[in-house]
Amino acid sequence: VGDRFVFESEVLFDSGRAEVNPLGRGQMDQLAVALQDLSREIPPEIPWVMRVDGHTDPQPVRGGNFMSNWELSSARAINVVRLLIQLGVPPQHLAATGFGEFQPIVPGDTEDDYAKDRRIEIRLTDR
């Protein structure tokens, strides 16, 4: 989407969880190959980073391992970064950021709106 890759959370994670599920692993395998190719094409003097942004919907976290949406979104972003590193993406070119519910895509409050807000965004930026 535009200048970034966007993955719906349901593709990568089970509800309320931060571990990348098997379907998400397949998606990340494909992305890692593309990122490795990209990293070889960018001149070494350019300070670039792939920022992995975790986002949630505004519904409060209920139970589980996370006390807030901010913690859940951060844990998801960190786990995607860890997986990309395991898949060979250079760690010095990765960053994890959690935005919680504070950067919605749509302002609505339907389940469809919430599903769009739950996502991982990956974008190329500078350090």
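Our subject is the structure that appears above.
About the criteria used
Residues numbered from 1 in each chain as written. Predicted model: local features only at pLDDT ≥ 70, side-chain atom pairs only at ≥ 80, totals over all residues. Heavy atoms only, no water. Phe/Tyr/Trp six-rings, centres within 6.5 Å; stacked < 30°, edge-to-face > 60°. Helix = DSSP H or I, 4+ residues; strand = E, 2+ residues; numbered from the N terminus. Buried < 20%, exposed > 50% of the residue type's maximum accessible area, 1.4 Å probe, protein only. Pairing = 2+ DSSP bridges. Axes fitted to C-alpha atoms, helices over the stretch in contact; angles between N-to-C directions. Contact = heavy atoms within 4.5 Å. 1 Å grid on protein atoms, 1.4 Å probe; cavity = no way out; pocket = protein on both sides within 12 Å on 5 of 7 lines; lining within 4 Å. Points joined across faces, edges and corners; volume = space filled by probe spheres on them.

Colleague: So what about the packing of aromatic side chains? Which residues, and what values?
Modeller: Applying the stated criterion across every chain yields a total of one aromatic pair. Taking 5.0 Å as the distance between ring centres and 55° as the angle between the ring planes, the aromatic pair formed by tryptophan 70 and phenylalanine 102 counts as tilted. With tryptophan 70 in helix H3 (residues 69-86) and phenylalanine 102 in the loop between strand S3 (94-98) and helix H4 (111-117), the pair connects residues that are 32 residues apart, well separated along the chain. The class for phenylalanine 102 is partly exposed, based on a relative accessible area of 47%.

Colleague: Run through the sheet that holds strand S4 (residues 119-126), naming residues and quoting values.
Modeller: Pairing is mixed across the open sheet formed by four strands, whose spatial order is S1-S4-S2-S3. In this open sheet, the two strands that pair with only one neighbour each are strand S1 (4-8) and S3. For this sheet, the mean inter-axis angle between neighbouring strands, taken without regard to orientation, is 20°. The pairing of strand S2 (residues 48-55) with S4 spans eight bridges and is antiparallel. Looking at the pairing, valine 52 lines up with isoleucine 122 of S4. The sheet strands contacting helix H2 (residues 22-41) are S1, S2 and S4, and the helix crosses S1 at an angle near 170°. Running at roughly 165° to S3, H3 makes contact with S2, S3 and S4 of the sheet.

Colleague: I'd like a rundown of the layout of surface pockets, residues and numbers included.
Modeller: Think of a ball as big as a water molecule: rolled over the atoms, this probe shows where empty space is left. For the largest pocket, the calculated volume is near 380 Å³. Every residue lining the largest pocket is counted, 20 residues in all, and those nearest its centre are Ser15, Gly16, Asp57, Leu72 and Arg118. When contributions to the lining of the largest pocket are tallied by element, the ones reaching two or more residues are helix H1 (9-12) and H3. Tallying contributions element by element places H3 first for the lining of the largest pocket, with three residues.

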